[in-house]
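Here are the chains, one letter per residue:
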Amino acid sequence: PYPLHDLMICGRGQINANGFSLAYHEGANINTAKVIIEDYPVKDATSRGSAIRLHNGKNIYLKDVQVAYAPGWTVHAIFCENITFDGMEVISQGDGDCGQGADIFHCGHIFNGDGIDPDSCMHVNLFDTLFTTGDDAVAIKSGRGREGNELDKPCGYIRVTDCSSVWSLGGFGTGSETAAGSHDLLFQNLTVRDILISGIWLKTNWSRGGVTENIIVRDVTAEKCNSPVWVFHGYSADRPQANPAECPPVVRNLVFENVHGDETNELGFRLEGTEECPIKDVLLKEVTSGGKENRIRFCEKVTVIP
């Protein structure tokens, strides 16, 4: 059922969730120059809230609004269908102030401060949005472990286009919660710059399970990233995992076209499966890494077209 439907949130104002203060009451957060926290009333960081959380919604449109500083993931859509995010700005990097023109990159960030996370959602359009986030700008998710496998609500038919991520920890991608899988995803016409980890980041680990497939990444420019593209099966693989999936994850049918890193990135492209679950059927067409060394491990059927 969709008890939430036909909703519009629009306008050029700001929704500021006061995350640095709320995070103290909702679970561990990262320190900044302004907020020094040594102990927390709540020890479970997964209890932290979002600035906007949409649950079981249909026909939803968010436009122009700036959303800032949730205690955790900033905008979280769960079990939704037909959502559009248009012309927004999402901020969780900095010290809690924004809109002042200050350099916010080195001030701290919201721990797990993802920008927009579609979670087991269908038919999502996300475009013309700027992210400056304390974690991934966009992370497409579908639950974790056996619970997500059995629930079996994947993400599908999602378009992320004409967006920028600047000074974020991660750029655009999937995971690490992939238990129900995702399919038919398009990441197109994206700019990522000053990214701590990876501009395009498709990630999972052995305990999450799920099938991630049919992904197109096209027309992307990545500058000053640790890596412009990283497809990775080993995310947090060394941590203990409760209720793991019965089958390891699958990542297959990936197309990277006109994706360019340059010499400002620390590393080249990384495609890293595992011996147990290799990455399968990858096309790299007109892909450059600025002379940096690429790393391809435990992959099957990788085709490179200059």
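Check the entry above for the structure.
Here the structure is a predicted model, which means the values were calculated and not measured.

1. Some thoughts on empty space enclosed by the protein
Phase 1 of the analysis: Tallied over the full model, the rule gives one cavity of 30 Å³ or more.
Phase 2 of the analysis: By volume, the largest cavity is sized at about 30 Å³.
Phase 3 of the analysis: Lining the largest cavity are Thr174, Leu202, Lys203, Thr204, Thr212 and Val251.
Phase 4 of the analysis: Taken together, the residues of the lining of the largest cavity sort by class into two nonpolar, three polar and one charged.

2. A short note on the packing of aromatic side chains
Within a pair of aromatic rings, the relevant descriptors are the distance that separates the centres and the angle that separates the planes.
Phase 1 of the analysis: Tallying each qualifying case throughout the model produces four aromatic pairs.
Phase 2 of the analysis: Ring geometry for tryptophan 201 against tryptophan 230: centres 5.8 Å apart, planes inclined by 5 degrees, an arrangement best described as stacked. Note that tryptophan 201 is positioned in strand β15 (residues 182-203) and tryptophan 230 in strand β16 (residues 211-232), a separation of 29 residues in sequence. Here tryptophan 201 and tryptophan 230 have matching classes, each one buried.
Phase 3 of the analysis: A centroid spacing of 5.7 Å and a plane angle of 75 degrees characterise the contact between tryptophan 201 and tyrosine 235, whose relative ring orientation is edge-to-face. Of the two residues, tryptophan 201 is situated in strand β15 and tyrosine 235 in the loop between β16 and β17 (250-261); the sequence distance between them amounts to 34 residues.
Phase 4 of the analysis: Taking the relative accessible area as the measure of exposure, tryptophan 201 reaches 5% and is therefore buried.

3. Quick look at the pairing of strand β6 (residues 75-78)
Phase 1 of the analysis: With burial as the criterion, each face of β6 is covered, one bearing Val75 and Ala77 and the other bearing His76 and Ile78.
Phase 2 of the analysis: Alignment of strand β3 (residues 52-55) against β6, held across four bridges, turns out to be parallel. Note on β6: the bridge partner recorded for histidine 55 is isoleucine 78.
Phase 3 of the analysis: Judged from the four bridges that link them, β6 and strand β9 (residues 116-119) form a sheet pairing that is parallel. Bridge pairing links isoleucine 78 to aspartate 119 in β9.

4. Regarding the side chain of aspartate 194
Phase 1 of the analysis: Relative to the assigned elements, aspartate 194 resides in strand β15.
Phase 2 of the analysis: Under the relative-accessibility criterion, aspartate 194 is labelled buried at 16%.
Phase 3 of the analysis: At a separation of 3.2 Å, a polar atom in the side chain of aspartate 194 contacts the side chain of arginine 193.

5. Description of the side chain of threonine 132
Phase 1 of the analysis: Mapped onto the fold, threonine 132 is located in strand β11 (residues 130-132).
Phase 2 of the analysis: Residue threonine 132 is classed as buried on the basis of its relative accessible area of 9%.
Phase 3 of the analysis: For threonine 132, the side chain forms a polar contact with the main-chain oxygen of valine 166, separated by 3.4 Å.

What counts, and where the lines are drawn
Residues numbered from 1 in each chain as written. Predicted model: local features only at pLDDT ≥ 70, side-chain atom pairs only at ≥ 80, totals over all residues. Heavy atoms only, no water. 1 Å grid on protein atoms, 1.4 Å probe; cavity = no way out; pocket = protein on both sides within 12 Å on 5 of 7 lines; lining within 4 Å. Points joined across faces, edges and corners; volume = space filled by probe spheres on them. Nonpolar A, V, L, I, M, F, W, Y, C, P; charged D, E, K, R; others polar. Phe/Tyr/Trp six-rings, centres within 6.5 Å; stacked < 30°, edge-to-face > 60°. Helix = DSSP H or I, 4+ residues; strand = E, 2+ residues; numbered from the N terminus. Buried < 20%, exposed > 50% of the residue type's maximum accessible area, 1.4 Å probe, protein only. Pairing = 2+ DSSP bridges. Polar contact = N/O pair within 3.5 Å; in protein donor to acceptor, adjacent residues only side chain to side chain.

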